[in-house]
Amino acid sequence: MSDLDLLTQSLARNVKRWRTERGFTLEALAARAGVSRGMLIQIEQARTNPSLGTVVKIGDALGVSITTLLDYEQGPRVRIVPADQAVRLWHTEAGSYNRLLAGTEAPGPLEMWDWRLMPGEGSPSDPHPAGTVELVHVISGDLTITVDGVEHLVPEGASASFEADAPHVYANEGEVPVAMVMAVSVPLVH
């Protein structure tokens, strides 16, 4: 079975599990996540590979991390994620990418990401639930973060945090690749 098949089946099982645990009908989760009921049915039946944006919206609506939705191993309290098992969810032909390094529910979803953005490339994100915070540390290059239409330059070696309940974009407007680590903390869904 391919990694993609494993992820598709894990996503199907975990979306259904968390939807049931939260007491959401397909209609309720679709409305909360802003995706169609038909898309949720296809996901829960492992008949589609949704976009990262769709997975993020479903995770946000369920109050669980992407790691939890894609996890196909139930492990001990200490979980080591080998480098070759970090999940790359987005990439471009030019070489930009992000990799989910680790995640947990503590007490809400908490994720750590490894990113590379090639010159001239960027990655937009829809607003996350109120209370979501993102932290970034730029290892190399200069990162431009646009939050709710306002640009902020985060130079090499610097870190930044922001409330991610507004539209935001990570971009590399420089001439060298940007390498950064990002953490996302999402509040619990009540």
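Starting from 1, residues in each chain are numbered consecutively following that chain's sequence as written. Reporting in this predicted model follows two pLDDT cut-offs: at least 70 for local features of residues, and 80 or more for side-chain atom pairs to be given and counted; totals over whole chains, interfaces and linings ignore these cut-offs and use all residues. Hydrogens and water are ignored here; the side-chain numbers use all heavy atoms of the structure.

## Side note on the overall build of the protein chain
Reasoning step 1: For the purposes of this entry, the term helix denotes a DSSP run of H or I that reaches at least four residues, the term strand denotes a run of E that reaches at least two, and both are numbered from the N terminus. Looking only at helices and strands, one finds five helices and ten strands in the protein chain.
Reasoning step 2: Buried means the residue's accessible area, taken with a 1.4 Å probe over protein chains only, is under 20% of the maximum for its type, while exposed means over 50%, and partly exposed covers the values in between. A buried classification covers 43% of the 190 residues belonging to the protein chain.
Reasoning step 3: Note on definitions: a residue-residue contact is assigned when non-hydrogen atoms from the two residues lie within 4.5 Å. Of the contacts formed within the protein chain by residues at least 6 apart in sequence, a portion of 63% connects residues at least 24 apart.
Reasoning step 4: Accessible surface, the protein chain: about 10000 Å² in total, of which carbon and sulfur atoms supply 54%. What sets the accessible areas is the Shrake-Rupley method with a 1.4 Å probe; for residues, cover comes only from the shown protein chains.

## Some points on the environment of Asp5
Reasoning step 1: With respect to the secondary-structure elements, Asp5 resides in helix α1 (residues 3-22).
Reasoning step 2: Separated by 41 residues in sequence, Asp5 and Ala46 place their C-alpha atoms 8.5 Å apart.

## Re helix α4 (residues 52-62)
Reasoning step 1: Of all eleven residues in α4, eight are buried, a share of seventy percent or more.
Reasoning step 2: Of the residues making up α4, those classed as buried are Thr54, Val55, Val56, Ile58, Gly59, Asp60, Ala61 and Leu62.
Reasoning step 3: In this fold, the buried residues of α4 make contact with α1, α2 (26-33), α3 (37-44) and α5 (66-70).
Reasoning step 4: Trailing α4 by a residue or two, Gly63 shows a phi angle of about 75 degrees, which is positive.

## As for the confidence of the model for the protein chain
Reasoning step 1: Confidence scores labelled pLDDT are given residue by residue by the predictor and lie between 0 and 100. Confidence in the prediction of the protein chain, expressed as mean pLDDT, is 86, and 89% of residues score 70 or more.
Reasoning step 2: When mean pLDDT is taken per element in the protein chain, strand β9 (residues 168-171) scores highest with 96 and strand β2 (residues 97-105) scores lowest with 75.

## Regarding unusual backbone geometry
Reasoning step 1: At Ala46, a position not held by glycine, the phi torsion is positive, near 55 degrees.
Reasoning step 2: For Asp148, which is not a glycine, the phi torsion comes out positive at approximately 55 degrees.

## Re the nonpolar core
Reasoning step 1: By convention a nonpolar core is built from buried Ala, Val, Leu, Ile, Met, Phe, Trp, Tyr and Cys residues, the set being connected through side-chain atoms within 4.5 Å. Counting 42 residues, the largest nonpolar core has Ile58, Leu69, Leu143 and Tyr170 as its most contacted members.
Reasoning step 2: Among the elements that take part in this core, α4 stands out by supplying five residues, more than any other.
Reasoning step 3: With residues near it in sequence (within four places) discarded, Leu143 still touches Leu117, Val136, Val138, His152, Leu153, Val154, Tyr170, Ala171, Val178 and Met180.

## Comments concerning the packing of α1 against α4
Reasoning step 1: At their nearest, the axes of α1 and α4 sit 10 Å apart, and the two run at 25 degrees to each other. By the angle class used here, α1 and α4 are roughly parallel. Our pair here, α1 against α4, has a crossing hand that is left-handed. Residue-level inspection shows Leu11, Val15, Trp18, Arg19 and Arg22 of α1 in contact with α4, the latter providing Val55, Ile58 and Leu62.
Reasoning step 2: Along the lines of polarity and charge, the residues of the contact of α1 with α4 split into six nonpolar, no polar and two charged. For helices, the fitted axis covers only the stretch in contact; all axes are lines through C-alpha atoms, and the angles between them, taken along N-to-C directions, range from 0 to 180 degrees. Throughout, the term roughly parallel applies to angles under 35 degrees, roughly antiparallel to angles over 145, roughly perpendicular to angles from 65 to 115, and oblique to all others. Crossings are assigned a handedness: left-handed for a near helix turned anticlockwise from the far helix by less than a right angle, right-handed for a clockwise turn. Under the convention adopted here, Pro, Cys and the residues Ala, Val, Leu, Ile, Met, Phe, Trp and Tyr are nonpolar, Asp, Glu, Lys and Arg are charged, and Gly plus all remaining residues are polar.

## Topic: the side chain of Arg19
Reasoning step 1: Inspection of the secondary structure assignment puts Arg19 in helix α1.
Reasoning step 2: Other than its neighbours up to four places away in sequence, Arg19 contacts Phe24, Thr25, Leu26, Leu29, Glu44 and Leu62.

## Digging into α2
Reasoning step 1: Taken residue by residue, α2 has Leu26, Leu29, Ala30 and Ala33 as its buried positions. All buried residues of α2 fall inside an arc of 100 degrees around its axis, so they share one side.
Reasoning step 2: Looking one or two places after α2, you find Gly34, whose phi comes out positive at around 75 degrees. Directions are taken from the helix axis to each C-beta atom, and the arc is the one they span.

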